[in-house]
Every structure is written in C-alpha cells, then in structure tokens.
Amino acid sequence: MVTMKLGSKPEIFVLEDLTWRCTTELESDVVVEVGEMSFYLHKFPLLSRSGVLQRMISEYQPPAAGGGMCTLQLDDIPGGAKAFELAAKFCYDVKIELNALNVVCLRCAAEYLRMTDDYAEGNLITQAESFLADVLANWKDSIKALETCEGVLPTAEDLHLVSRCITALASKACASDAAAPLLRSASIDKDALWNGIRSGDTASAAAAASGMDWWYEDVSFLSLPMFKRLIQAMEAKGMRAESIAGAIMFYAGRFLPGLKRNTSFSNALASYGADGGGGGGMSSRNITPRAASVSAPSEGDQRYFLEEIVALLPTKKGVASTKFLLGMLRTAMLLHGSPLCRENLERRIGAQLEDASLDDLLVPNLGYHVETLYDIDCVQRILDYFMSSTDGIGTGYTSPALAEDGGAGLGLPQGGTPSTSLSPITMVAKLMDGYLAEVAPDTNLKLPKFQALAAVVPDYARPVDDGMYRAIDIYLKSHPWLSESEREQLCRLMNCQKLSLEACTHAAQNERLPLRVVVQVLFFEQLRLRTSIAGWFFVSENAAGVDGARPHHGGAMVPKGGAAVAASTQAEADTDAEDDAPEGKETITDVKARVSELEKECKSMKQEIRRLGKPRRSWSLLTRKCGFGAKVQQGKPALPSSK
C-alpha cells in the first residue's frame, strides 16, 4: 500500500472520553463538535487553513449570558470525526499518514472545509489530490479507495472520485484481459511438446491460466451499486464477455446462498464478514451488497439483489455456465422473483441445455400450488426454448428428412448418423430421458403432463429408445391404476424398432406393458432376425456359385437396413470363393447352422406370446397379417417383399 507522510510536529492531541484535547501550553479557545466527539482547539491554526472555519468563527455570536468558548457544529462533515481529526492535525502541522483507506474521506473533508491554496500554499486539497494520483496507479489501492467512497457519498460523486476509481480499475482489468490470451499462447509455445516431452516453465502456464480471474475476488467486496458501475465500465472498454460473466458468477456465489445447497443467507453473510472484515472506521472492507446491509436481510432485499445480478449478465450464449444459471433459477423461485427475471433465466438455460446435468435440472416445485415434487412446467418451458432457439444450421440439429434418409445426403453409409450435427439434441434427448425417469415415480404426475414433456424432443434425436422405455416402465410401475388405453397411449412415446436386444428381452417379459406393445416388440425383433437371415443367406448364395460368376446386385431382395451389410460383405465372399472353394463350403454350413438357431429363437418367441394369455387363433391371424405365415426354409429363407 502506498503512503504519504505530511507534517513535522509530534503528536499533541489526547483522547479522553470522546474529547480530543490539545496538549500545548496555550488554552483552547474554540470547540468543534462532530457528532458525539468534541475537539478543543485554537482559532489561529484553523483560520489559516480552512475557509469554512474562518467564516464560522467570524460569524459566531456568543450567548447573551456571556462567557464560554466559541462552539462550532460540524455534524455533516464527510468522513465524520475521523476525517476532521486528520484535517485538524494537518492544520497544526502534526505528522499524519495518508493511505488508500483515508485519502478519499480526507479529500472530501478538505473540500467541505475549503482547505484550498487560497488560504495556504500546499493546502490539504492539493496534497490529497497529489497522493490520489499515486493511489489510482495501483490496483489494490484503487479497490480500497473505491470501497471507502461508500461512506462519503454524494460528496465523492460530486468530486468525481468514484468515477476516477472505477475508470482506473476498468482500465487495468481490461489491459490484463486483453493480454491473457497472448500469455496463454506464449505459454503454450514455450511449453511445446518435443517428442512427447513437455519443456518449459510450469509457473508461466499457471500464470497464464489465472490471467482472467485474478481480479474476481477483489471486486467481490464492492457493494452492488459500485460493482454494477465497474462491470458496465469494463463492458464499455471492450472486456470479453467470458471475463465479465466470470466476475459476476464469483460475486453472486459470494452473496446468494441458493447457489450453494444447504447454506442459509445469514451463514453466507457471516462467512463474508469473516473473510472480508478489515479494520474499523474508514478502513472498512466489509462493505456488503445492498441485500447485506443488515444482519438478516429481508426477502425483498435478496430478490432485488438476484434480479440485478441476472440483468447484469452478458447476453452472449455460453459465457455463464448452465449450472450457475440453474442455481440462479432455483433461488429466483425460492425468493418468488419477478416473471421477467425467471423467463430471462429459462431462456438462457434453454439456449445451452445440452450442457446441463440431470442433478441441476431437478428444480424443486416451490410454487404456491404444489402438485408435483419437481417443477415439470419449468423444465418444459426450458425445453421449448431449447427447441425454438435453433435454426437447423450449426446448432446441433438435423431435419427429420435427413434423419430418415440415414445420412445418405451427407455421404454417410445407409443408416448412419451424422454425430457432429446430432450431438447437442442427442445429448438433450438423453438428458430428458433421465429426467423423465427421475420424475416418473411421482404419483401426482399426471399422464398428459408426462406425455407432453416426453414428446417435445423429436424421435429422430434418439438413436436408441432404451432411456424412454425405462422412464415409461417406471411410470407404469408407479401408476398401476392406468387403464389399458392409457397404457397404450403412453407406450406410443417409444419406438419399438429402436430398442436394444436387452430392452427387447425385458419388454417381452414385462407384464406392465400392454399386450399389443409386447407383440409389436416381438414383431420387430423377429423382423430384425429375418433381416439378419436374409443378409447371411445372400452372402452364402454368392459364395457357393457353381461357375463363380457374380450375380447382379439388383436382383437381390434384401430388406432396407440389411442392404449395406450384404453389399459390403458380398465382394469379400466372392473373392474368398474364387481363391479357396473349400472355405466357401464351410461358410454355407455355418450359415445353415445359424438359420437353424434363429428358427428356434422365433419359435420360443411365439411360445412366450401364447403364454401371455391370448388365444392361439388370434396369434395365427396376427402372424398372417404381419407376413410371418411362410416358414423359413433351411435352404432358402423367405424374404419380405420390398415395396
């Protein structure tokens, strides 16, 4: 901390019971009262330095009764008794020390007392201004000076001390922020890998990594109005949105207990006082935000603080973490924040929902009319914002037509998935499947609300529907009173064709599912088996060709989805058959064995369906309708017609 020493005489003041007395041989002839403190002084030192005291002494009228010393009241002097004490010592040329914690108050007091060079050369205003320039050249001292401005508003505003401190801080932070990427790149170049071995100074890398956030903690001690003005000044000077959002998140985390679970607001204030409590008087660093001005802030104060922080966040997507935004949303609901504030948070979360975690998404229902344990409506709005905030270009989405085409338009194999374009919506689909599974056990969750939430994410966003099947199964287990038609409606949310083998096995034995759904699962599983048989037999026919001629690809009747497998393996099978005929015979034998195994599996499935209680006749009708009447021959399996 920079300091400046003024005066040359030793200490001559003594404090006795709220009274400052001068220990010189001359008797005091004037009393200056500042609040509860009384200063017994002499007229001449005061007249020679202060224009206000000169005027007040000349205008003083003694009481009619006579007697008594000249008494002056200075209750409204900025900085109070502490500031006047320093000013009085300066008038007596007593040694004082200026520092970042008292220069602002002393400058305001000197202005109030009109201690200009018109009354004495090198007066207090000149000395304070000269030292203030040194203070503003240093980051730490500028922070302390800005904190002390709180106690002398609005005089500090009139003298532009607040704006000067803020400008100095914003300039230093922005200069560091602009240099941070250069430091990081320089550190990367210096620590470049040579043959897999990192060389360079790790301290430089650490310094570069902390280049953005070194000032976060310092500004977190400012009051909310000062913090807002500083952030706005940094934005005006072009600071990156990521750095500004980081400072705001750090600041909010210090004073909003809702961001940290199992913490009360009073505990947060207590910890703040323990961390930031400085010296007393003007050296107070425990200037808290507006909401922390009292030991137990009201709900309105906390709500005001939260809404101001939300409005202060940069609008750029991704600069504030989704975890932080969801924590702010929980706190806003707890404090019954304004609808505009909550909508702002929900839109921000929806724009980057793919970065959310399931635990943070479980927002408790804190409304006045609580029906469900978790706020389903809030999550539905967030999900709607996620779906509406995309335009299909570079946002992680693909059109349903592209999904049905299987990526052929992108040059991908048939049935392939463009992982880069589907990634965000696929992540959200997986997140919502987990969320549905978490809220499904709630018996108060109505079927229409469950269906509405599950239907927001389109079917093409889920490569596999196992997560949806799990959520539906949990809901059916927790709601056994659903009718058969309601169960069927619920099961329409999942695509039986996209269930894995494990999910199909579980669904075939799940008594909670409607029989129609079980039959559908088995139908698609058998269709998958028949497709596999067709693919294997297509290869075996070509491998066992008598004259070694390759058949025309267009004559093969292979169902959609198996064509890619058959086409990719045909060339290899033909080459092997030409080079080594005995290996082709062994392949035919293996295929026949596989066909036999698949037939046995199909028979076991039919027996399982009969065990579920449906009449045998209904099954035969169903199999005829689905095209399963023709038995698969061991030599040539019957293939479905390609329409």
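Above this text you will find the structure in question.
A brief report on the enclosed structure follows. (Residues numbered from 1 in each chain as written. Predicted model: local features only at pLDDT ≥ 70, side-chain atom pairs only at ≥ 80, totals over all residues. Heavy atoms only, no water.)

### Observations concerning helix H11 (residues 224-236)
With 13 residues, H11 extends 18 Å from end C-alpha to end C-alpha; this agrees with the ideal 18 Å at 1.5 Å per step. Just past H11, the residue Gly238 takes up positive phi, approximately 90°. (Helix = DSSP H or I, 4+ residues; strand = E, 2+ residues; numbered from the N terminus. Expected span 1.5 Å × (residues − 1).)

### What to know about the packing of aromatic side chains
Inspection of every chain in the model, using the stated rule, returns twelve aromatic pairs. Geometrically, the ring pair formed by Phe227 and Tyr251 is stacked, given 3.9 Å between the ring centres and 5° between the ring planes. Here Tyr251 lies in helix H12 (residues 241-255) and Phe227 lies in helix H11, a separation of 24 residues in the sequence. Owing to a relative accessible area of 0%, Tyr251 belongs among the buried residues under this scheme. Here the aromatic rings of Tyr251 and Phe305 are separated by 5.8 Å at their centres, their planes lie at 35°, and the arrangement is tilted. Placement of Tyr251 in helix H12 and of Phe305 in helix H14 (residues 299-312) is noted, with a sequence separation of 54 residues between them. As far as burial versus exposure is concerned, Tyr251 and Phe305 are alike and both buried. Across the ring face of Tyr40, the terminal group of Arg21 is positioned such that the distance to the ring centre comes to 4.3 Å. Above the face of the Phe221 ring, Arg254 is positioned so that its terminal group lies 4.4 Å from the ring centre. (Phe/Tyr/Trp six-rings, centres within 6.5 Å; stacked < 30°, edge-to-face > 60°. Buried < 20%, exposed > 50% of the residue type's maximum accessible area, 1.4 Å probe, protein only. Lys NZ or Arg CZ within 6 Å of the ring centre and 35° of its normal.)

### Topic: the side chain of Asp473
Inspection of the secondary structure assignment puts Asp473 in helix H22 (residues 466-478). According to the relative accessible area criterion, Asp473 is buried, its value standing at 10%. A distance of 3.0 Å separates the side chain of Asp473 from the side chain of Arg512, its partner in a polar contact. When near neighbours in sequence (up to four residues on either side) are disregarded, Asp473 contacts His506, Asn510 and Arg512. (Polar contact = N/O pair within 3.5 Å; in protein donor to acceptor, adjacent residues only side chain to side chain. Contact = heavy atoms within 4.5 Å.)

### Points about the sheet that holds strand S2 (residues 13-15)
Think of a sheet as strands paired side by side through backbone hydrogen bonds, with each pair either parallel or antiparallel. One open sheet holds the five strands; their spatial order is S2-S3-S5-S4-S6, and the pairing between them is mixed. Unpaired on one side and paired on the other, S2 and strand S6 (70-73) mark the two borders of the sheet. Adjacent strand axes in the sheet meet at a mean angle of 20° when their direction is disregarded. Of the pairings in the sheet, the one linking strand S4 (residues 30-34) to S6 comprises four bridges and is parallel in character. Within S6, the residue paired with Glu33 across the bridge is Gln73. Sheet strands touched by helix H3 (residues 80-91): S2, strand S3 (19-22), S4 and strand S5 (37-41). Its angle to S5, the strand with the most contacts, is close to 10°. (Pairing = 2+ DSSP bridges. Axes fitted to C-alpha atoms, helices over the stretch in contact; angles between N-to-C directions.)

### Examining the packing of H11 against H14
Relative to each other, H11 and H14 sit at 5°, their axes nearing to 11 Å. One way to sum up the angle between H11 and H14 is to call them roughly parallel. Between H11 and H14, the contacting residues are Leu224, Phe227, Lys228, Ile231, Gln232 and Glu235 on the first element and Tyr304, Phe305, Glu308, Ile309 and Leu312 on the second. Here the residues of the contact of H11 with H14 are counted per class, giving seven nonpolar, one polar and three charged. (Parallel < 35°, antiparallel > 145°, perpendicular 65-115°, else oblique. Nonpolar A, V, L, I, M, F, W, Y, C, P; charged D, E, K, R; others polar.)

As far as function goes, none of this settles anything; it's purely spatial.
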